[in-house]
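This is what each chain is made of:
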Amino acid sequence: MDSPQEGVAPERTGVPTFAVEAAVAALVVIFGLVVLFGSRKLGSGWTTDGPGAGYFPFYIGLILCISGAGTLYQALLGKKRNHEIFVDGEQIRRVLSVLIPAAFYVLAIQVFGIYVASAVYIAGFMIILGKFSKVKSIVLGLAIAVFFFVLFEVWFKIPLYKGWLKPLDFLGY
């Protein structure tokens, strides 16, 4: 005999939607405050020859603060708070599996330059997330980096950032 639990999907656990809404609203308020105080330093008042440099940014910051505070109130204290799960553990792991390598890629560009960092990034993604063979991934990562090197540095004469280690110095670029 079937138990009552069979066929029932496990309950999703994770971050509720209202918490994410509240966090984003708080960030909007903080950004609005930064704009407000920055515009005050520029001069947000009316001068003899018209509005000061911070006049319009001041009101944009004020609008951001008011809208962020309203959204924050609705998210935390509103009657229709959304308690549905915004993201569960599996979904956040998938997002982080792309976000964390992307952050390291940005840091690697600073050290090794865009070409070397891109070759490693492409090959790494192909191997880890795409499950491609290591040889195919490395060859394609290098081929793409070489293609863009030739395209920008040789054909268009547009130098792209080579990092502070400058691994391509031996080529004279």
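Because the structure is a prediction, the values reported are computed rather than measured.

How each quantity is defined
- Residues numbered from 1 in each chain as written.
- Predicted model: local features only at pLDDT ≥ 70, side-chain atom pairs only at ≥ 80, totals over all residues.
- Heavy atoms only, no water.
- Helix = DSSP H or I, 4+ residues; strand = E, 2+ residues; numbered from the N terminus.
- Expected span 1.5 Å × (residues − 1).
- Bend = angle between axes of the 7 residues up to and from the residue.
- Buried < 20%, exposed > 50% of the residue type's maximum accessible area, 1.4 Å probe, protein only.
- Polar contact = N/O pair within 3.5 Å; in protein donor to acceptor, adjacent residues only side chain to side chain.
- Phe/Tyr/Trp six-rings, centres within 6.5 Å; stacked < 30°, edge-to-face > 60°.
- Patch = residues over 30% accessible without salt bridge, like charges linked within 9 Å, V, L, I, M, F, W, Y side chains within 5 Å.
- Areas by Shrake-Rupley, 256 points an atom, 1.4 Å probe, with all protein chains shown as cover.
- Salt bridge = Lys/Arg side-chain N within 4 Å of Asp/Glu carboxyl O.
- Contact = heavy atoms within 4.5 Å.

A. Spatial organisation of helix H3 (residues 89-112). Look at H3: 33 Å from first C-alpha to last across 24 residues, which is about the 34 Å you get at 1.5 Å a residue. Approximately 25° is the largest bend angle found in H3, and it occurs at leucine 96. Along H3, the residues classified as buried are Ala108, Ile109 and Val111. Where H3 begins, the capping side chain belongs to aspartate 88, and its oxygen is found 3.2 Å from the backbone nitrogen of glutamate 90. Phi turns positive, to about 95°, at glycine 113, one or two residues after H3.

B. Looking closely at the packing of aromatic side chains. Taken as a whole and assessed by the stated rule, the structure comprises 10 aromatic pairs. Taken together, a centroid distance of 5.2 Å and an interplanar angle of 65° make the contact between tyrosine 55 and tyrosine 59 edge-to-face. Separated by 4 residues within a single helix, tyrosine 55 and tyrosine 59 lie in helix H2 (residues 55-77), roughly one turn from each other. Residue tyrosine 55 is classed as partly exposed on the basis of its relative accessible area of 21%. Take tyrosine 59: its relative accessible area is 40%, and that puts it in the partly exposed class.

C. Seen up close, a nonpolar patch on the surface. Together, Ile92, Val95, Leu96, Leu99, Ile100, Phe104 and Leu107 give the surface a local cluster of nonpolar side chains, amounting to about 650 Å² of exposed area. Looking at where valine 95 falls in the secondary structure, it is placed in helix H3. Using a relative accessible area of 46% as the deciding quantity, one classes valine 95 as partly exposed.

D. Looking closely at unusual backbone geometry. Unlike most non-glycine residues, lysine 131 shows phi in positive territory, near 60°. Inspection of the secondary structure assignment puts lysine 131 in the loop between helix H4 (114-128) and helix H5 (134-155). Positive phi, close to 55°, is recorded for lysine 157, a residue that is not glycine. Looking at the element boundaries, lysine 157 is found in the segment after H5.

E. Region of the structure containing the environment of alanine 23. Tracing the chain through its elements places alanine 23 in helix H1 (residues 17-42). Of the residues examined, alanine 23 reaches a relative accessible area of 42% and is grouped as partly exposed. Taking the C-alpha atoms as reference points, alanine 23 and lysine 136, separated by 113 residues in sequence, lie 42 Å from one another.

F. Spatial organisation of H2. If you check H2, its first and last C-alpha atoms are 33 Å apart, about what 23 residues at 1.5 Å a residue would give, namely 33 Å. Considered for burial, the residues of H2 that qualify are Phe58, Gly61, Cys65, Gly68 and Ala75. Contacts made by the buried residues of H2 are with H1.

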